[in-house]
Amino acid sequence: MVARTHTVAFEGLEARPVEVQCAVTAGMPAFAVVGRPDKAVSEARERVRAALGAMAIALPSRRISVNLSPADLPKEGSHFDLPIALAVLAALEVIPAELVENTVSLGELSLDGTLVAVAGALPAAVTAAARDATLICPEACGPEAAWVRDAAVLGAPSLAAVLRHFTGQSVLAAASPGEVTTEEAGSRDLRDIKGQERAKRALEVAAAGRHHLLMIGSPGSGKSMLAARMPGIMPPMSPHEILETSMIHSLSGLLGAGGISRRRPFREPHHTASVAAIVGGGRSARPGEISLAHNGVLFMDELPEFPRTVLETLRQPIECGEVVIARANAHVRYPCRFLLIAAANPCRCGHMHDAARACPRAPGCGDDYMGRISGPLLDRFDLRLEVPPVGLSDLSLPDSGDTTAQVRARVARAREIQEQRYADHPGVRVNAEAEGRLLEEVANPDAEGRALLMRAAERFGLTARGYHRVLKVARTIADLDGGGPVHRAHLAEALAFRQPGNDREGALVGNG
Ligand SMILES: Nc1ncnc2c1ncn2[C@@H]1O[C@H](COP(=O)(O)OP(=O)(O)O)[C@@H](O)[C@H]1O
Ligand SMILES: [Mg+2]
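Fair warning: this is a prediction, and the values are worked out from it, not measured in the lab. By convention here, each chain's residues receive numbers from 1 onward along its written sequence. Chain letters and ligand numbers both follow the written order, the letters beginning at A and the numbers at 1. This being a predicted model, a pLDDT of at least 70 is required before a residue's local features are given, and a value of 80 or more before pairs of side-chain atoms are given or counted; all residues contribute to the totals for chains, interfaces and linings. For the side-chain quantities, the full set of heavy atoms in the structure was used; hydrogens and water were omitted.

### Remarks on the site of ligand 1
At step 1: Any residue with a non-hydrogen atom lying within 4 Å of a molecule or strand is treated as near it. The immediate surroundings of ligand 1 are formed by 14 residues, with Lys194, Gly220, Lys223, Ser224 and Met225 found nearest.
At step 2: Gly220 places a main-chain nitrogen or oxygen 2.7 Å from an oxygen atom of ligand 1.
At step 3: Ser221 has a polar backbone atom sitting 3.3 Å from an oxygen atom of ligand 1.
At step 4: A 1.4 Å probe and the Shrake-Rupley method give the accessible areas. Residues count as covered only by the protein chains that appear here. Against a free-state accessible area of 570 Å², the protein chains account for coverage of 67% of ligand 1.
At step 5: Starting at the N terminus, helices and strands are each numbered in turn, a helix being any DSSP run of H or I of at least four residues and a strand any DSSP run of E of at least two. A total of 3 residues in the shell around ligand 1 trace back to one element, the largest contributor, which is helix α9 (residues 223–228).
At step 6: Put simply, Ala, Val, Leu, Ile, Met, Phe, Trp, Tyr, Cys and Pro go in the nonpolar bin, Asp, Glu, Lys and Arg in the charged bin, and everything else, Gly too, in the polar bin. Across the shell around ligand 1, the residue classes tally to 5 nonpolar, 6 polar and 3 charged. Polar contacts, as used here, are pairs of N or O atoms within 3.5 Å; protein pairs need one atom able to donate a hydrogen and one able to accept it. Residues neighboring in sequence count only if both atoms are side-chain atoms.

Pasting the structure below:
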């Protein structure tokens, strides 16, 4: 008899259905798993054998064959333990075969039969729900899987508990969804930052239109502080965005306690991280930091310190909001529509603008340092500004300026305007994503504005891309201003946000 049950194999964000078949036949005693298993899947045999042994079930001295179908889909990870164990138990007629047939399960077994949490329970639940099947997963994964509407999810502490469930001794409890977290503990407010009105305005514009932002300033000027407040001023994620982001976090095993966060992710990879860690890939093609930041913020502190390969690999995903990772025999896609905030010191020692502390090589050292950021990458920052340090006297002033909640409300209004504007344009949600004719149409400046733009284009030598980027930012500034036509003042502010570097596209040189 061939027993059948189901599980999934991950391919990018998708959990593809996999049928696990098991046959016990006469022949030399053996336990074989076929169907393109990777090493972790092959090792499932030992864990399954031990876990069954812990329940006093010995494998018979016959040939046990397990096939993972479709055979051409690579199977990776340790989550195949539970479905393989179920198929074996059904083939041995310990549990009724018809009960496991419409079950999707995943989970890693420890040698004593305890079920260990695995990544990807959320996408697995989506697949199970689409097939009208019950999902059985480790107890620790239940709260995250139960988020999927219409999914029947059972969380199990051990293989023994699953066995008792299928033999009718005690049923497994349905898992309930984990908590939703909206605000992070000890939330950081924009008002904590003294002064820096221009930088705060840049954050607001960036959040409103999802424009990438580069901040340049000496150490201690508050760049990290500013960046950390960005997720707070962005509107909470929509249900669709929550699902997208949570799927990626589920695949990386990051949904702590199954809680789902409405707050936008904030990822801050260190500059020593590898290309695979940042962009994604590696042996099991996991999502990288740029995908973990999907719908949220990617903060790259000390941008020039990142290896050139990382910086150049980033250009493509920044542009298309999706990263394609090449595997030996397939391509895996992950979404990565993030808002990039980068910070940099003006030079290696960081004190180029401080005559008393600057190194002997100033100001030439600054050109060397910033030269590590290529022109095309620099061009992708719609907003670039210098962050001057606040004076000690300013630090003792009382809190001033708008709170995070006030700015978030303005950003949310500007985003609503954009949502309506681009309702008929799938793939475009914010001004930063508008291109070509659409951009010309929605950001058409008035006569005065156009004259200013022409003068600026000539004087600063704007490239075509730079020209369009200015239009996008001006559109966002006009949206923060109520959504009317783009005026001269909006364009003037947008142009001012292309410093330093606007006098020579692609070269980051202060213009005095
Ligand atoms: N504008 C400011 N208001 C209040 N504190 C500030 C401000 N700028 C800097 N600080 C203080 O300086 C510290 C260093 O700031 P940080 O954001 O790490 O600087 P940077 O990233 O530019 O090196 C902060 O933790 C904070 O205590
Ligand atoms: Mg810092």
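Okay, back to it.
### Focus: the pattern of salt bridges
At step 1: Basic side-chain nitrogens of Lys or Arg form a salt bridge, by our definition, when they fall within 4 Å of a carboxyl oxygen of Asp or Glu. By the definition in use, this model includes 30 salt bridges.
At step 2: Linking Arg229 and Asp192 is a salt bridge whose minimum nitrogen-to-oxygen distance equals 3.1 Å. Separated by 37 residues along the polypeptide, Arg229 in the loop between α9 and α10 (230–233) and Asp192 in the loop between β10 (180–181) and α8 (197–209) bring together distant segments of the chain.
At step 3: Think of it in three bands: with a 1.4 Å probe and only protein chains considered, a residue is buried below 20% of the maximum accessible area for its type, exposed above 50%, and partly exposed in between. Judged by relative accessible area, which is 35%, Asp192 ranks as partly exposed.
At step 4: Among the salt bridges present, the one from Glu312 reaches Arg315, with a minimum N-O distance of 2.4 Å. Taken together, the residues span about one helical turn, with Glu312 and Arg315 both in helix α14 (residues 308–320) at a distance of 3 residues.

### Concerning the packing of helix α5 (residues 121–130) against helix α11 (residues 239–251)
At step 1: Lines fitted to the C-alpha atoms define the axes, with helices restricted to the stretch that makes contact. Angles between their N-to-C directions range from 0 to 180 degrees. Across the interface, α5 lies against α11 with an axial gap of 7 Å and an inter-helix angle of 115°. In contact with Ala121, Leu122, Pro123 and Val126 of α5, α11 contributes Ser246, Met247, Ser250 and Leu251.
At step 2: Classifying every residue of the contact of α5 with α11 by side-chain character gives 6 nonpolar, 2 polar and no charged. Contact between two residues is taken to exist if any of their heavy atoms lie within 4.5 Å; hydrogens are not considered.

### A closer look at unusual backbone geometry
At step 1: Looking along the chain, the bond that leaves Ser69 and enters Pro70 is cis, with omega of 5°.
At step 2: Here Pro70 is to be found in the loop between β4 (63–69) and α3 (81–91).
At step 3: Even without glycine at this site, Arg36 takes up a positive phi of about 55°.
At step 4: Counting through the fold element by element, Arg36 comes out in the loop between β3 (30–34) and α1 (39–42).

### Some points on helix α20 (residues 447–460)
At step 1: The span expected for a helix works out to 1.5 Å for each residue beyond the first. Under the 1.5 Å per step criterion, the end-to-end length of α20 is 20 Å for 14 residues, consistent within 8% with the ideal 20 Å.
At step 2: Packed against the buried residues of α20 are α21 (464–480) and α22 (488–496).
At step 3: Within two residues after α20, Gly461 carries a phi angle of roughly 60°, on the positive side.

### As for the side chain of Ser374
At step 1: Here Ser374 lies in the loop between α15 (364–370) and α16 (375–379).
At step 2: Judged by relative accessible area, Ser374 falls into the buried class, the value being 16%.

### Details of the domain arrangement of the protein chain
At step 1: One can read the domain layout of the protein chain as domain 1 (2–166) and domain 2 (190–496).
At step 2: The split of the chain into domains comes from an automatic or database domain assignment. Taking only C-alpha atoms into account, the centre of domain 1 sits 43 Å from that of domain 2.
At step 3: Buried area: the sum, over both parts, of the accessible surface (1.4 Å probe) that disappears when the two are put together. A combined buried area of about 1,400 Å² lies between domain 1 and domain 2, and 65% of that area is made up of carbon and sulfur atoms.
At step 4: The tally of links between domain 1 and domain 2 comes to 0 salt bridges.

### A closer look at α8
At step 1: With 13 residues, α8 extends 19 Å between its outermost C-alpha atoms, agreeing within 8% with the 18 Å of an ideal straight helix rising 1.5 Å per residue.
At step 2: Burial within α8 is extensive, with 10 of its 13 residues counted as buried.
At step 3: All of the buried residues along α8 are Ala199, Lys200, Ala202, Leu203, Glu204, Val205, Ala206, Ala207, Ala208 and Gly209.
At step 4: Taken from the residues just after α8, Arg210 is the one with a positive phi, measuring 50°.

### Looking at the sheet that holds strand β20 (residues 383–386)
Through backbone hydrogen bonds, the strands of a sheet pair up, either in parallel or in antiparallel fashion.
At step 1: Here the rule is simple: two strands pair whenever DSSP picks up at least two bridges between them. Strand order in the open sheet formed by 5 strands is β13-β16-β19-β11-β20, and the pairing between neighbours is parallel. Lying at the two open borders of the sheet, with one neighbouring strand each, are β13 (266–267) and β20.

### As for the nonpolar core
At step 1: By nonpolar core we mean a set of buried residues, namely Ala, Val, Leu, Ile, Met, Phe, Trp, Tyr and Cys, connected to one another through side-chain atoms within 4.5 Å. By size, the foremost hydrophobic cluster in this structure holds 55 residues, and its most contacted members are Leu135, Ile290, Met300, Leu303 and Phe338.
At step 2: Top contributing element to this core by residue count: α5, with 6 residues.
At step 3: Mapped onto the domain boundaries, this core takes at least three residues apiece from domain 1 (2–166) and domain 2 (190–496).
At step 4: Setting aside residues no more than four positions away along its own chain, Met300 makes contact with Phe306, Val310, Leu311, Leu314, Leu340, Ile341, Ala342 and Ala343.

### Some thoughts on the side chain of His6
At step 1: Of note, His6 is situated in strand β1 (residues 2–11).
At step 2: Residue classification places His6 among the buried positions, given a relative accessible area of 12%.
At step 3: Separated by 3.0 Å, the side chain of His6 and the backbone oxygen of Glu101 make a polar contact.
At step 4: When sequence neighbours within four positions are dropped, the list of residues in contact with His6 reads Val18, Glu19, Pro83, Glu101, Thr103, Val104, Ser105 and Arg131.

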